Amino acid sequence: MKHLLKLGDLTREEILSILNLADQLKYERKNGVSNEYLKGKKLGMIFQKSSTRTRVSFEVGMYELGGYALFLSNRDLQIGRGEPVEDTARVLSRYLDGIMIRTFAQKEVEDLAKYGSIPIINGLTDYCHPCQVLADLMTIRERKGAFRGMKMCFVGDGNNMANSLMVGAIKTGMSFSIACPKGYEPDAALVEWAKQNGEFTMTEDVKEAASGADVIYTDVWASMGQEEEKKIREQAFKGYQVNEGVMNVAKKDAMVLHCLPAHRGEEITADVFEAHADEIFEEAENRLHAQKAVLCKLLK
Ligand code: CP
Ligand code: NVA
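Residues numbered from 1 in each chain as written. Chains lettered and ligands numbered in written order. Predicted model: local features only at pLDDT ≥ 70, side-chain atom pairs only at ≥ 80, totals over all residues. Heavy atoms only, no water.

S.K.: Looking at this structure, how should I read the overall build of the protein chain?
M.R.: Broken down by element type, the protein chain carries twelve helices and nine strands. Computed over C-alpha atoms, the radius of gyration of the protein chain comes to 19 Å, within 12% of the 19 Å expected from 2.2 N^0.38 for 300 residues, which places it in the range of a compact globule. When the 300 residues of the protein chain are sorted by exposure, 56% land in the buried category. Excluding contacts between residues fewer than 6 apart, the proportion of contacts in the protein chain whose partners are at least 24 apart in sequence is 75%. Approximately 13,100 Å² of the protein chain is accessible, and the part contributed by carbon and sulfur atoms is 49%. A gap of 4 Å separates the mean positions of the 39 positive and 44 negative side-chain charges of the protein chain. (Helix = DSSP H or I, 4+ residues; strand = E, 2+ residues; numbered from the N terminus. Rg over C-alpha atoms; globule rule 2.2 N^0.38 Å. Buried < 20%, exposed > 50% of the residue type's maximum accessible area, 1.4 Å probe, protein only. Contact = heavy atoms within 4.5 Å. Areas by Shrake-Rupley, 256 points an atom, 1.4 Å probe, with all protein chains shown as cover. Lys, Arg positive; Asp, Glu negative; His and termini not counted. Charge placed at Lys NZ, Arg CZ, Asp CG, Glu CD.)

What follows is the structure, given as structure tokens:
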């Protein structure tokens, strides 16, 4: 594994190996054991979009591993004024040991990897969010004990989260269902891949998708960069809400996960959110452990 550009690039074994290391790092941290696996290593973190969890988990993660993280905002970098990615990649490769980038186009992340000579980590693009899904998988395995035989259901927009979750679920042996309105389906090539490689269903009917699910997942109706579509999306996603009615058709002990930030009253009710807050905030905590594991795998 040279980069983390998207989950589809990882084998099932590589995913499990990251999750195992994340579990170990979580256990060590809880027991006050610190391991400076990345002593002296430097990570650049380029952000072209806002972030709470991704920024803090990577920055704290690098600190805890004995390394250093630089926050590089698009507003300050020359990349924001049009310096080509090819040049930025070659320059930063001479200063840093790795780059985490959050941006719009997946191609920009792929280009950094293509032109640079250091590991590149995708911290979210419009296409996918692999780091989040590693933390999600970690949380599911912690609470459910296994992946095989589990059914994950995603309710809402076929966005970056849906794209990565379906790959992560199927690679680890879960079945995956998605309920989304027409016109808001996940990436068509990934849908094809999912159908070929696992148990995958897509429907417009939320209850049909959620029926018998072990994990219910949702995300915002309008992602970063889609602020102008907010009103149209509110109409399109009416009914695509994780609420009591949806939870009633899922398994009795179903978990609810949300990558956050959450919009209560839109994709999830406040009641369901609060009833599953333990799971959702453990999931947020697990970003730290999962990110540290990714950093160790790529930078050590
Ligand atoms: N879930 C997630 O990536 O959160 P941030 O946008 O706060 O980083
Ligand atoms: N789909 C959301 C995820 C945020 C973590 C977005 O891209 O804004």
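S.K.: Please clarify how the side chain of Asp219 should be interpreted in this entry.
M.R.: Of note, Asp219 is situated in the loop between β8 (215-218) and α9 (230-236). Within the local environment of Asp219, its side chain forms a polar contact with the side chain of Asn159, the two groups lying 2.8 Å apart. The residues touching Asp219, leaving out its near neighbours within four places in the chain, are Phe154, Val155, Asn159, Asn160, Met161, His258, Cys259 and Glu267. (Polar contact = N/O pair within 3.5 Å; in protein donor to acceptor, adjacent residues only side chain to side chain.)

S.K.: When you look at the site of ligand 2 in this model, what are you seeing that I'm missing?
M.R.: Lining the immediate surroundings of ligand 2 are Leu124, His129, Asn159, Asn160, Asp219, Ser223, Met224 and Leu260. Within the contact set of ligand 2, a nitrogen atom lies 3.3 Å away from a side-chain nitrogen or oxygen of Asn159. A distance of 2.8 Å is found between an oxygen atom of ligand 2 and a backbone nitrogen or oxygen belonging to Met224. Computed on the free molecule, ligand 2 has an accessible area of 270 Å², of which 93% lies beneath the protein chains in the complex. Residues of the shell around ligand 2, tallied by class, amount to three nonpolar, four polar and one charged. (Near = heavy atom within 4 Å. Nonpolar A, V, L, I, M, F, W, Y, C, P; charged D, E, K, R; others polar.)

S.K.: Where do I start with the side chain of Thr54 in this structure?
M.R.: Here Thr54 lies in helix α2 (residues 53-64). A distance of 2.8 Å separates polar atoms of two side chains, one belonging to Thr54 and the other to Arg287. When residues no more than four places from it in sequence are discounted, the contact partners of Thr54 are Phe47, Met100, Arg102, Gly123, His129 and Arg287.

S.K.: Where do I start with the sheet that holds strand β1 (residues 42-47) in this structure?
M.R.: Taking strand neighbours across the sheet as the criterion, the four strands line up as β2-β1-β3-β4 in an open arrangement whose pairing is parallel. Strands with a single pairing partner mark the edges of an open sheet, and in this sheet they are β2 (68-73) and β4 (120-122). If you compare each strand with its neighbour and ignore which way they point, the axes differ by 20 degrees on average. Note: strand β3 (residues 98-102) against β4, three bridges, orientation parallel. (Pairing = 2+ DSSP bridges. Axes fitted to C-alpha atoms, helices over the stretch in contact; angles between N-to-C directions.)

S.K.: Hey, could you run me through the packing of aromatic side chains in this one?
M.R.: Two aromatic rings are characterised by how far apart their centres lie and by the angle between their planes. Taken as a whole and judged by the stated rule, the model has seven aromatic pairs. Residues Phe176 and Phe200 carry aromatic rings whose centres are separated by 6.2 Å and whose planes lie at 5 degrees to one another, so their mutual orientation is stacked. Here the residue Phe176 occupies a position in strand β6 (residues 175-179), and Phe200 occupies one in strand β7 (residues 200-203), the gap between them amounting to 24 residues. For the pair formed by Phe176 and Phe200, the shared burial category is buried. Aromatic side chains Phe237 and Tyr240 sit 6.3 Å apart centroid to centroid with 85 degrees between the ring planes, which places their arrangement in the edge-to-face category. An identical accessibility class is assigned to Phe237 and Tyr240; each is buried. (Phe/Tyr/Trp six-rings, centres within 6.5 Å; stacked < 30°, edge-to-face > 60°.)

S.K.: How do you make sense of the site of ligand 1 when you look at a structure like this?
M.R.: Ligand 1 sits among Ser51, Thr52, Arg53, Thr54, Arg102, His129, Gln132, Cys259, Leu260 and Arg287. Separating an oxygen atom of ligand 1 from a backbone N or O atom of Thr52 is a distance of 2.6 Å. Cys259 places a main-chain nitrogen or oxygen 2.9 Å from a nitrogen atom of ligand 1. Protein chains shield 95% of the accessible area of ligand 1, which is 250 Å² for the free molecule.

S.K.: Explain the pairing of strand β9 (residues 255-258) here, please?
M.R.: The side chains of a regular strand alternate between both faces of the sheet. Burial along β9 is two-sided: the face carrying Met255 and Leu257 and the face carrying Val256 and His258 are both buried. Where β8 meets β9, four bridges bridge the pair, whose relative direction is parallel. Bridging across to β9, Tyr217 finds its partner in Leu257.

S.K.: Explain the sheet that holds β9 here, please?
M.R.: Strand pairing in a sheet relies on backbone hydrogen bonds. The paired strands run either parallel or antiparallel. The five strands lie next to each other as β7-β6-β5-β8-β9, forming an open sheet whose pairing is parallel. The open sheet has two edge strands with one neighbour each: β7 and β9. The mean inter-strand angle of the sheet, taken between neighbouring strand axes irrespective of direction, is 20 degrees. Its contacts with the sheet put helix α6 (residues 160-171) on β5 (151-155), β6, β7 and β8, and the angle it makes with β6 is roughly 160 degrees. Lying on the sheet, helix α12 (residues 277-299) is in contact with β8 and β9; it crosses β9 at an angle near 45 degrees.

S.K.: Teacher, can you tell me more about the pairing of β1 here?
M.R.: With five of six residues buried, β1 lies mostly within the body of the structure. With six bridges connecting them, β1 and β2 associate as parallel partners. Paired with Leu43 across the strands is Ala69, a residue of β2. Handedness of the crossover joining β1 and β2 through α2 is recorded here as right-handed. Summarising the sheet, β1 and β3 pair through five bridges and their orientation is parallel. (Right-handed = clockwise from strand over helix to strand, strands pointing away.)

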